[in-house]
Amino acid sequence: MNRPRALVVDDEPDIRELIEITLERMDVATTAVANLGDAYAAAKKFPFNLCLTDMRLPDGNGIDFIRHMHQHHPGVPVAMITAHGNMNSAIEALKAGAFDFVSKPVDLQVLRNLVGTALKLGDRAAISNRSLIGDAASMHDVRNTIAKLARSQAPVYVSGESGTGKELVARMIHEQGPRADQPFVPVNCGAIPAELMESELFGHKKGSFTGAVADKLGLFQAADGGTLFLDEVADLPFTMQVKMLRAIQEKCVRPVGVEREVAVDVRILSASHKNLDELVKLGGFRQDLYYRLNVINLHVPALRERPEDIRLLARHTLERLAAQDGVPISTLSEGAIEALERYAFPGNVRELENILERAMTLCDGTIIGVDDLAIQKAEKAGEQASQVADDALDAVLESVEKETILNALEQSRWNKTAAAKLLGISFGALRYRMQKLGLD
C-alpha cells in the first residue's frame, strides 16, 4: 500500500526539516519546497493527500496557494502555518478554504493531530446526507455546503429560526468529516446556570469549590478529538465569553482549581436562533468571539420559505411515527396538505412534527383531515403570542443594553470614559443611555 504524501511549503529550512521529520515518523512521505512557484509545479506533478503552507513566501502569499488548491485540487486538505497569535491570518486562511491552521513555533502534538485528521478525510467522502429532508433548491444548497464544510476544520456558525434543524446540520457536518469516529458533544448554553458554566465547560478539581466532591471532566475535554456544538451560543454570559475566546484560540482549557492548562483538540460548531450580529452591535456579545465563531455562516431556511417540501416532510414524519409506535401509517387528505402548505409554521419543522403527532393520535382511522390538524387554533394562538412578543421586545432589548453597560462599567471599575471605549461608543452616548436606563 502506498504511503500518504504531503506537500510542505515554507521558506525556512528549519521549519521544513522539523515538519519532514515529524511526518516521516507518522509514515507520511513529504515533498518540501521553499516558494509558491515550486509548490504549484509539485502540485501539478504529484498527487498529494495533504498540504502545509506558510503564509509569507518569497514569491507571494500562502492564501493564494490555498485558493489554487481549493479550485484545482478540491479533495486535498490544505493547512496554513501562521505566526503565533495571528488569528486574523488564520481566519482569512479558513475563509479561503484552508482545512485548518497551525501556529509557529509549531507544537508537534498539534501538528500530529492535524495531519492525522486530514488523512482521514478521504475515508469520509462518500457518506450520504439524506437525513436532511427537502427537495427545495435552498435545501440542496444546504446539503452541498455541509459536504464542503465537513472537509474543513473551520468554525461554523449555523443560523436559523428555532425548529429548523440546526443541531441536525451540525451533526451532519461532524458525521461526514474526519472526526466522525470521535465524540459529538452538544451543549445548550442557555440551559446551564451561569454559576456552573465554567465548571461544565472546562471541568473542575475535587474541592475547588463547595459541592466539588470529585474531579469533573469538562465538555471541552469530553469532546477531545471530536466536535463541540455550542447551541444557543448567544446565551453565554459575558464573563464566560472571554474564557471561551481564549479556549478556542489557544486550544486549551483550565479546569476550575487547576493551575495548569490542558490541551484540547476540538472542532467548534455553534448555533443560535437569535440575531447574533445584532447582539454584537448592541454590545450584548463580544465582537472578537463572534468573528472567531462565525468564520463560516451556514443559514438553515425556515419551513415557510420552502412550502414545496411540506408534503415530503409530512409523509416522512408520519412513516417515522408509525414505525416508532408500531401502528399503521396515517395519510393526509389533500385538503389537509393544502392547509399545511398555507400555514406559516412559526415553529418550523419541529412544529410540523408536533402537529402531525397530535393529529395522528386524535384522528379517527388513518386519514388525517383539516380539522384533525387544529392549525386554525394554532394560528390564533400565534397571533396572540406575536402581540405579546411585540409588547415584550422593547423590555428585552432594554434589559440586554442595561446588562451590557453594567458589565462594561464593572470591567472599567465604573470609569465612564473607559467603559464607553469598551462599548465602542462616545462618552456622551454612554451618559445618555445611562440616564435613559436609570443607571446614572
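Residues numbered from 1 in each chain as written. Predicted model: local features only at pLDDT ≥ 70, side-chain atom pairs only at ≥ 80, totals over all residues. Heavy atoms only, no water.

Participant: Please provide a residue-by-residue account of the pattern of salt bridges, values included.
Facilitator: Tallying each qualifying case throughout the model produces 20 salt bridges. Ionic pairing is found between R306 and D309, a salt bridge with its closest N-O pair at 2.9 Å. Grouping residues by exposure puts R306 and D309 together as buried. When the shortest N-O distance is used, the salt bridge between R320 and E353 registers 3.7 Å. Here E353 lies in helix 16 (residues 348-362) and R320 lies in helix 14 (residues 310-325), a separation of 33 residues in the sequence. The class for R320 is partly exposed, based on a relative accessible area of 34%. Residue E353 is classed as partly exposed on the basis of its relative accessible area of 28%. Sharing partners across several salt bridges, the network here consists of D10, E12, D54 and K104. (Salt bridge = Lys/Arg side-chain N within 4 Å of Asp/Glu carboxyl O. Buried < 20%, exposed > 50% of the residue type's maximum accessible area, 1.4 Å probe, protein only. Helix = DSSP H or I, 4+ residues; strand = E, 2+ residues; numbered from the N terminus.)

Participant: Any details on empty space enclosed by the protein? Residues and values, ideally.
Facilitator: The rolling of a water-molecule-sized probe over the atoms marks out the regions of remaining empty space. Per the stated rule, a full pass over the model turns up two cavities of 30 Å³ or more. There is about 200 Å³ of room inside the largest cavity. Around the largest cavity sit 17 residues that line it, and Q153, I248, K251, V266 and R267 are the ones nearest its centre. Looking at the lining of the largest cavity, the elements with two or more residues in it are strand 7 (100-103), helix 11 (238-250) and strand 15 (267-272). Estimates place the volume of the second largest cavity at around 30 Å³. For the second largest cavity, the full set of lining residues is A150, Q153, I173, H174, G177, P178, R179, T227 and R267. Residue composition of the lining of the second largest cavity, by class: three nonpolar, four polar and two charged. (1 Å grid on protein atoms, 1.4 Å probe; cavity = no way out; pocket = protein on both sides within 12 Å on 5 of 7 lines; lining within 4 Å. Points joined across faces, edges and corners; volume = space filled by probe spheres on them. Nonpolar A, V, L, I, M, F, W, Y, C, P; charged D, E, K, R; others polar.)

Participant: Can you break down the sheet that holds strand 1 (residues 5-9) residue by residue, with the values?
Facilitator: Reading across the sheet, the five strands line up as 2-1-3-6-7 and stay open at both edges, with parallel pairing between neighbours. In the strand order of this sheet, the two ends are held by strand 2 (29-33) and strand 7, each with one partner. Taken over all neighbouring pairs, the strand axes of this sheet differ in orientation by 20 degrees on average, direction set aside. Note that strand 6 (residues 78-82) and strand 7 share four bridges and pair parallel. The partner of A79 across the bridge, within strand 7, is D100. Contacting strand 1, strand 2, strand 3 (50-54) and strand 6, helix 1 (residues 13-25) crosses the sheet at an angle of about 170 degrees to strand 2. (Pairing = 2+ DSSP bridges. Axes fitted to C-alpha atoms, helices over the stretch in contact; angles between N-to-C directions. Contact = heavy atoms within 4.5 Å.)

Participant: Break down helix 3 (residues 62-72) for me, citing the residues and quoting the values.
Facilitator: Of the positions making up helix 3, those classed as buried are G62, I63, F65, I66 and M69. Projection of helix 3 onto a plane perpendicular to its axis shows the buried side chains occupying an angular sector of 160 degrees, all on one side. (Arc of directions from axis to C-beta.)

Participant: So what's going on with the pairing of strand 6? Which residues, and what values?
Facilitator: For a regular strand, side-chain orientation follows a simple rule: the groups alternate between the two sheet faces. Most of strand 6 is tucked away, with five of its five residues classed as buried. Where burial is concerned, the two faces of strand 6 agree: the one with V78, M80 and T82 and the one with A79 and I81 are both buried. Relative to strand 6, strand 3 runs parallel, the two sharing four bridges. Among the inter-strand pairings, T53 is bridged to a residue of strand 6, identified as M80.

Participant: Requested: an account of the layout of surface pockets, with residues and values cited.
Facilitator: If you add up the space inside the largest pocket, you get close to 590 Å³. Surrounding the largest pocket, 25 residues form its lining, D107, V110, Q249, E250 and K251 being those nearest its centre. Within the residue set of the lining of the largest pocket, elements represented by two or more residues are strand 7, helix 5 (108-119) and helix 11. Among the elements that line the lining of the largest pocket, the one with the most residues is helix 5, at five residues. Per-class residue counts for the lining of the largest pocket are nine nonpolar, nine polar and seven charged.

Function cannot be read off these values alone, since they describe shape.
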